[in-house]
Amino acid sequence: PECDVRTGDYVLSNNTYVRQEYFSELTQEERDSVVGIVLVPDSGVPVILGIEFPQTELMWTTIPSGIDTYFADISIQVNESSQSYSFSGDLDGSNNWESICLADPSGTTNATTNYPVFYFANMYAAIAGLMGTDYADGWYVPSISELWQTVKMMNVLRKSLAQLVKNLPYVYIESDDI
């Protein structure tokens, strides 16, 4: 992106970014217009983390076909060495739902029940009140490597969430619309 964003910055609905340290200077109207928090992973390509969270923990899948199927197109290999992780394979979770739909067409017809976390991601814009904005599209469930980037930056992200008076979620939803 053209803008200089950092992990923990806020994204407002008018397409502006506010540094975490300037949050206290925002008006209540501006605070209410925050659509997400920036995460800049090791790749350097920023993503937006959603800030509206489900009330209960959501499962990736609830059906045998979702559990037993090897989704080769979206698989990731995790390598651990001395408390460090590296990942290879499909590191970008933005295409995972499409791959799952191709591999399990009957199971994905009832995503609400069979793939609840993906259903939440697909409905995120409506849940978060983002329909009709520049942030209505592009929300997805992060890959394990993207989730690991979130975990690595959790101290910064916790501060941003705390300023918004948001509790940590069971699931993070990302958008590639930054």
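Now for a description of the structure that goes with this document. Please read all numbers here as calculations on a predicted model, not as lab measurements.

A few words now on the overall build of the protein chain. Of the regular secondary structure elements, the protein chain holds eight helices and eight strands. For a compact globule of 178 residues, the expected C-alpha radius of gyration is about 16 Å, and the protein chain comes in at 17 Å, within 12% of that figure. Overall size of the protein chain, expressed as C-alpha extent along the three principal axes, is 50 × 40 × 30 Å. In the protein chain, which comprises 178 residues, the proportion classed as buried is 43%. For the protein chain, contacts bridging at least 24 residues in sequence account for 64% of all contacts bridging at least 6. Entry remark: accessible area of the protein chain is about 9700 Å², with carbon and sulfur atoms responsible for 50%. Within the protein chain, the 24 negative side-chain charges are centred at a point lying 14 Å from the centre of the 7 positive side-chain charges.

Moving on to the packing of aromatic side chains. We describe a pair of aromatic rings using the distance from one ring centre to the other and the angle between the two ring planes. Enumeration over the complete set of coordinates arrives at seven aromatic pairs. A ring pair is formed by Y10 and F23, whose centres lie 4.8 Å apart and whose planes are at 40 degrees; its orientation type is tilted. Taken together, the residues span a long stretch of sequence, with Y10 in strand β1 (residues 10-12) and F23 in the loop between β2 (17-18) and α1 (28-32) at a distance of 13 residues. Here the two residues Y10 and F23 agree in accessibility, since each one is buried. Members of the aromatic cluster, connected to one another through ring pairs, are W97, Y115 and F118.

So, how was this worked out
Residues numbered from 1 in each chain as written. Predicted model: local features only at pLDDT ≥ 70, side-chain atom pairs only at ≥ 80, totals over all residues. Heavy atoms only, no water. Helix = DSSP H or I, 4+ residues; strand = E, 2+ residues; numbered from the N terminus. Rg over C-alpha atoms; globule rule 2.2 N^0.38 Å. Buried < 20%, exposed > 50% of the residue type's maximum accessible area, 1.4 Å probe, protein only. Contact = heavy atoms within 4.5 Å. Areas by Shrake-Rupley, 256 points an atom, 1.4 Å probe, with all protein chains shown as cover. Lys, Arg positive; Asp, Glu negative; His and termini not counted. Charge placed at Lys NZ, Arg CZ, Asp CG, Glu CD. Phe/Tyr/Trp six-rings, centres within 6.5 Å; stacked < 30°, edge-to-face > 60°.

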